[in-house]
Amino acid sequence: MKVRPHFVVMKFFLAVSICLLAVVPIAAKPSFTIKPAPTWIKPIDAKPKPDSGDRPSSILLDDQEVRLSDKNVERFYRHVERVDKATGLEIVSKLELDFEPSYQS
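Procedures and definitions
Residues numbered from 1 in each chain as written. Predicted model: local features only at pLDDT ≥ 70, side-chain atom pairs only at ≥ 80, totals over all residues. Heavy atoms only, no water. Salt bridge = Lys/Arg side-chain N within 4 Å of Asp/Glu carboxyl O. Pairing = 2+ DSSP bridges. Helix = DSSP H or I, 4+ residues; strand = E, 2+ residues; numbered from the N terminus. pLDDT = per-residue confidence, 0-100. Patch = residues over 30% accessible without salt bridge, like charges linked within 9 Å, V, L, I, M, F, W, Y side chains within 5 Å. Areas by Shrake-Rupley, 256 points an atom, 1.4 Å probe, with all protein chains shown as cover. Buried < 20%, exposed > 50% of the residue type's maximum accessible area, 1.4 Å probe, protein only. Polar contact = N/O pair within 3.5 Å; in protein donor to acceptor, adjacent residues only side chain to side chain. Contact = heavy atoms within 4.5 Å.

1. Structural notes on the pattern of salt bridges
Once their charged atoms are close, side chains differing in charge can pair, the charge on each being opposite to the other. One pass over the full model with this rule turns up two salt bridges. In this structure, the salt-bridge partner of Arg67 is Glu74, at a minimum N-O distance of 3.7 Å. Among the ionic pairs, Asp84 bridges to Arg82, the shortest N-O distance being 2.7 Å.

2. Notes on the pairing of strand 2 (residues 73-83)
Sheet topology places strand 1 (residues 57-68) next to strand 2; 11 bridges connect them, and they run antiparallel. Across the sheet, the residue bridging to Val66 is Arg75, located in strand 2. The hairpin formed by strand 1 and strand 2 contains four residues between the paired strands.

3. Looking at the confidence of the model for the protein chain
For the protein chain, per-residue confidence averages 74 on the pLDDT scale, and residues scoring 70 or more make up 66% of the total. By mean pLDDT, helix 1 (residues 5-27) is the weakest element of the protein chain at 56, and strand 1 is the strongest at 88.

4. So, a nonpolar patch on the surface
A cluster of nonpolar side chains, Val66, Leu68 and Val73, forms an exposed patch at the surface whose accessible area comes to about 300 Å². Its location among the elements puts Val73 in strand 2. Accessibility expressed as a relative area gives 43% for Val73, which makes it partly exposed.

5. So, the side chain of Ser57
On the secondary structure map, Ser57 appears in strand 1. Under the relative-accessibility criterion, Ser57 is labelled buried at 14%. A distance of 2.7 Å separates polar atoms of two side chains, one belonging to Ser57 and the other to Glu81.

6. Overview of the environment of Glu74
Within the fold, Glu74 resides in strand 2. Overall, Glu74 belongs to the partly exposed group, its relative accessible area being 28%. Put simply, Glu74 and Pro38 are 36 residues apart on the chain and 9.6 Å apart in space, counted from C-alpha to C-alpha. Here Glu74 is in contact with Trp40, Glu65, Val66 and Arg67, once residues within four sequence places are set aside.

Have a look at this one:
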């Protein structure tokens, strides 16, 4: 069986194309920005609470504010959590963000 040179070239370009397509989502510009708190935010202090008992951590503040205008929607989130036990450090140190840019933009 004889291998035709144009099939080898086609396979090479196909492999390169697949690799490039895999890189495109990584290089895409995000549709959101992370900035310091805007001036329209009403500051709220996280107030200390007593020990959480059996729980490994305590949520001291979970603030979500939204500003609507004619041109855009601005969102502000602030979450303050206190670690009360060593097991809570492992849980709190993991950052999990639920975000789907295809419909949350």
